[in-house]
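Coordinates in review
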Amino acid sequence: MSPPAGKSFDRLAEPYEALERAAFGGLLETARFEFLGELHGCRRVLLLGDGDGRLLARLVGLAPQATIISVDQSAAMLAKAQRRLRPEDLSRVKFYHADVLVADLGGERLDAIVTAFFLDCFSQPEAEQVVQQMDKLMAPSALWLEVDFGLPARGWRRWYAQGWLKLMYTFFRWRTGITAKALPDLQSTFHNLGWQLMKCQTYRAGFVYSRLYQKNRQG
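Residue indices follow the written sequence of each chain, beginning from 1 at its first position. Predicted model: local features are reported for residues with pLDDT of at least 70 only, side-chain atom pairs are reported and counted for 80 or more only, and whole-chain, interface and lining totals are derived from all residues. Think of the side-chain values as coming from all heavy atoms in the structure, minus any hydrogens and water.

Re the packing of aromatic side chains
Stated formally: Within 6.5 Å between ring centres, the rings of Phe, Tyr and Trp (the latter by its six-membered ring) count as paired, and their orientation is classed by plane angle as stacked under 30 degrees, edge-to-face over 60, tilted in between. Runs of E in the DSSP output that reach at least two residues are strands. Runs of H or I that reach at least four are helices, and both are numbered from the N terminus. The buried label goes to any residue with under 20% of its type's maximum accessible area, the exposed label to any with over 50%, and the partly exposed label to all in between, with areas taken from a 1.4 Å probe on protein chains only.
Following the criterion strictly, the structure yields 15 aromatic pairs and no others. Ring geometry for Phe-9 versus Phe-172: centroids 5.4 Å apart, planes at 5°, classification stacked. Taken together, the residues span a long stretch of sequence, with Phe-9 in the segment before helix 1 (16-24) and Phe-172 in helix 6 (residues 155-176) at a distance of 163 residues. Note on Phe-172: relative accessible area 10%, which makes it buried. Each ring, one from Trp-156 and one from Tyr-160, has its centre 6.4 Å from the other, and the planes form 75°; the classification is edge-to-face. Of this pair, Trp-156 and Tyr-160 both sit in helix 6, four residues apart, which is roughly one turn of that helix. Take Trp-156: its relative accessible area is 54%, and that puts it in the exposed class. Residue Tyr-160 is classed as partly exposed on the basis of its relative accessible area, which comes to 34%. Aromatic rings pair up to connect Phe-24, Phe-117, Phe-149, Trp-156, Tyr-160, Trp-164 and Phe-207 into one cluster.

Re the pattern of salt bridges
Counted only if it meets this: Counted as salt bridges are all cases of a side-chain nitrogen of Lys or Arg within 4 Å of a carboxyl oxygen of Asp or Glu.
Tallied over the entire structure, the rule returns 15 salt bridges. Residue Glu-88 is joined to Arg-86 by a salt bridge in which the shortest nitrogen-to-oxygen separation is 3.5 Å. Through salt bridges that share partners, Glu-17, Glu-20, Arg-21, Glu-29, Arg-32, Asp-52, Arg-54 and Arg-84 make up one connected network.

Details of the packing of helix 1 against helix 6
Keep this limit in mind: In this analysis, axes come from line fits to C-alpha atoms, helices being fitted only over the stretch in contact, and the angle between any two N-to-C directions falls in the range 0 to 180 degrees. Here is the rule for angles: anything less than 35 degrees is roughly parallel, anything more than 145 is roughly antiparallel, 65 through 115 is roughly perpendicular, and the remaining ranges are oblique. For any helix crossing, the convention is left-handed if the near helix is rotated counterclockwise from the far helix by under a right angle, and right-handed if that rotation is clockwise. For this analysis, residues touch if any pair of their heavy atoms sits within 4.5 Å. Each residue gets one of three labels, nonpolar for Ala, Val, Leu, Ile, Met, Phe, Trp, Tyr, Cys and Pro, charged for Asp, Glu, Lys and Arg, and polar for the others, Gly among them.
Viewed as axis vectors pointing N to C, helix 1 and helix 6 meet at an angle of 165°, and their least axial separation amounts to 13 Å. Compared by their axis directions, helix 1 and helix 6 come out roughly antiparallel. By crossing handedness, the relation of helix 1 to helix 6 is classed as right-handed. Contact residues: Tyr-16, Leu-19, Ala-23 and Phe-24 in helix 1; Trp-164, Met-168, Phe-171 and Phe-172 in helix 6. A breakdown of the residues in the contact of helix 1 with helix 6 according to their chemical character gives eight nonpolar, no polar and no charged.

Things to note about unusual backbone geometry
Even without being glycine, Phe-117 reaches a positive phi, approximately 55°. As for its placement among the helices and strands, Phe-117 is situated in the loop between strand 4 (110-116) and helix 5 (124-135).

Thoughts on the nonpolar core
Which entries qualify depends on this criterion: For our purposes a nonpolar core is just a set of buried Ala, Val, Leu, Ile, Met, Phe, Trp, Tyr and Cys residues, chained together by side-chain atoms within 4.5 Å.
If you look at the biggest cluster of nonpolar residues, it comprises 69 residues, and the most contacted ones within it are Leu-39, Val-45, Leu-46, Leu-48, Phe-149 and Val-208. At seven residues, strand 5 (residues 138-149) tops the list of elements feeding residues into this core. Once residues lying within four places of it in the same chain are set aside, the contact partners of Leu-39 are Val-45, Leu-59, Ala-63, Ala-112, Val-114, Leu-143 and Leu-212.

Describing the pairing of strand 6 (residues 195-203)
Here is the rule: Should DSSP find at least two bridges between two strands, the strands are taken to pair.
Relative to strand 7 (residues 208-215), strand 6 runs antiparallel, the two sharing eight bridges. When the sheet's bridge partners are listed, Cys-200 is paired in strand 7 with Arg-211. If you look at the hairpin formed by strand 6 and strand 7, you'll find four residues sitting between the two strands, and Arg-204 has a positive phi there, around 50°.

A closer look at helix 6
Formally: Residue count minus one, scaled by 1.5 Å, sets the expected span of a helix. In this description, the arc belongs to the directions extending from the helix axis to the C-beta atoms.
For helix 6, spanning 22 residues, the distance from its first C-alpha to its last is 31 Å, which sits close to the expected 32 Å at 1.5 Å a residue. The complete set of buried residues in helix 6 reads Ala-161, Leu-165, Met-168, Tyr-169, Phe-172 and Thr-176. Taken end-on, helix 6 shows its buried residues confined to a sector of 105°, consistent with a single buried face. Counted as exposed and oriented over 90 degrees from the buried face of helix 6: Trp-156, Trp-159, Lys-166, Leu-167 and Trp-174. Looking at the buried residues of helix 6, the elements they touch are helix 1 and strand 5.

Looking at the environment of Asp-111
Filter applied, for reference: Nitrogen and oxygen atoms within 3.5 Å of one another constitute a polar contact, given that in protein one can donate a hydrogen and the other can accept it, and given that sequence-neighbouring residues count only through two side-chain atoms.
Mapped onto the elements of the fold, Asp-111 is located in strand 4. What makes Asp-111 partly exposed here is its relative accessible area of 25%. When the C-alpha positions of Asp-111 and Cys-42 are compared, they lie 5.7 Å apart, and in sequence the two are 69 residues distant. Each residue touching Asp-111, except ones within four places of it in the same chain, is listed here: Cys-42, Arg-43, Arg-44, Met-138, Ala-139, Ala-142 and Leu-143. Looking at Asp-111, its side chain comes within polar contact range of the main-chain nitrogen of Arg-43, at 3.0 Å.

All quantities given are derived from atomic positions and should not be read as evidence of function.
Structure, rendered in structure tokens:
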């Protein structure tokens, strides 16, 4: 997770990876990287709330021609992400310590956007606003890699997921000040904006998912 405007993950920057691995092992990292290679030909990629930079470091190698824009509210997370990169790769990455909804990302259209465990930090209306705002920046046929938590359909796995989500939201609300209390449901938002689901991988019966969308529009 990475916070909306006015919130901070600074105090979690150092222990974040250890906390994640203690809770989920390598599951979340597997989900982050599942379809990342699909962005290999992109020239301009936006990462929102990447956190400590593990995804950024992988993407730099997978998309050697890309200029990558990393936006985060946490200065400490951005600093940690910078330290993961080789000096020769830093010139291809632009870091913004900013609120995603007001950051000036330049006039050039984006070929891809990645939101990995980011939109879950927003309430339903806030998350919809983020998606709608970012949609305006995308080039025709752009890609959107969305990775996040979900709720299994039924049974004990759904109860298990609900318990974990309640625990995580309580923890992150306490430590970072996010206001979200439940997962936003954004599938209809993506659909209404013309994003077509191209690939989807779920884990633990849907508790975690990785979805690759493509913008379906001309010109």
